[in-house]
Amino acid sequence: MTPMAVTLTEAAARHVTRYLAKRGKGVGVRLGVKTTGCSGLAYKLEYADDIAPEDRVFEGHGVKVLVDPKSLPYIDGTELDFVREGLNEGFKFRNPHEKDRCGCGESFRI
């Protein structure tokens, strides 16, 4: 069985590092899923100030990604990227388990 992992691109790591420096605190980002939307699940991404005892910690390009054990099966193998498309910029999730995404882009199905 392959070990579970969540990764992030250099672009995502650069963005997180810059933001944490501007913020003046934080240990990394917390990635999870919540039940919502038309397709069932939505990504939850927030800056984390501490690591909970149950968190799984993944590290890439010097940035920690914290994932709670309940979310991990849904996002195992996900790559977190930071992209600019025209005037928009933001995080993009590349999840190999994602089967379908709702039209509004807010939620996904596994």
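Residues numbered from 1 in each chain as written. Predicted model: local features only at pLDDT ≥ 70, side-chain atom pairs only at ≥ 80, totals over all residues. Heavy atoms only, no water.

A. Spotlight on the overall build of the protein. Within the protein one finds two helices and nine strands. Traced from its N-terminal end to its C-terminal end, the protein shows the element sequence β-α-β-β-β-β-α-β-β-β-β. In terms of C-alpha radius of gyration, the protein reaches 14 Å, essentially the compact-globule figure of 13 Å for 110 residues. Taken along the three principal axes of its C-alpha coordinates, the protein extends 40 × 35 × 25 Å. Counting only residues that meet the buried cut, the protein has 37% of its 110 residues in that class. Taking all contacts inside the protein whose residues are at least 6 apart in sequence as the whole, residues at least 24 apart take part in 52%. Both charge centroids of the protein, one from 17 positive and one from 16 negative side chains, sit 2 Å from each other. (Helix = DSSP H or I, 4+ residues; strand = E, 2+ residues; numbered from the N terminus. Rg over C-alpha atoms; globule rule 2.2 N^0.38 Å. Buried < 20%, exposed > 50% of the residue type's maximum accessible area, 1.4 Å probe, protein only. Contact = heavy atoms within 4.5 Å. Lys, Arg positive; Asp, Glu negative; His and termini not counted. Charge placed at Lys NZ, Arg CZ, Asp CG, Glu CD.)

B. Quick look at the environment of Arg 14. Within the secondary structure, Arg 14 sits in helix 1 (residues 10–23). Assessed through its relative accessible area of 45%, Arg 14 is described here as partly exposed. Note: C-alpha distance between Arg 14 and Gly 62 (48 residues apart in sequence) is 9.2 Å.

C. Fine view of the pattern of salt bridges. In the structure shown here, the tally under the stated rule is eight salt bridges. For Arg 23, the salt bridge is made with Asp 49, and the minimal N-O distance between the two is 2.9 Å. Taken together, the positions of Arg 23 in helix 1 and Asp 49 in the loop between strand 3 (40–48) and strand 4 (56–60) put the pair 26 residues apart, joining distant regions of the chain. By relative accessible area, which is 30% here, Arg 23 ends up partly exposed. The partly exposed category is assigned to Asp 49, whose relative accessible area is 37%. In this structure, the salt-bridge partner of Glu 85 is Lys 92, at a minimum N-O distance of 2.7 Å. Note on Glu 85: relative accessible area 48%, which makes it partly exposed. One salt-bridge network, in which partners are shared between bridges, spans Arg 23, Lys 25 and Asp 49. (Salt bridge = Lys/Arg side-chain N within 4 Å of Asp/Glu carboxyl O.)

D. The nonpolar core, seen in detail. Judged by nonpolar contacts, the single largest core of 21 residues is most densely connected at Val 6, Leu 8, Leu 31, Tyr 43, Val 65 and Val 67. Of all the secondary structure elements, the ones that give two or more residues to this core are helix 1, strand 2 (28–36), strand 3, strand 5 (63–67), helix 2 (72–75) and strand 6 (79–85). If you tally residues by element for this core, the top one is helix 1, at four residues. Every residue in contact with Val 65, bar those within four places of it in the chain, is listed here: Val 6, Leu 8, Val 29, Leu 31, Arg 56, Val 57 and Phe 58. (Core = buried A, V, L, I, M, F, W, Y, C linked by side-chain atoms within 4.5 Å.)

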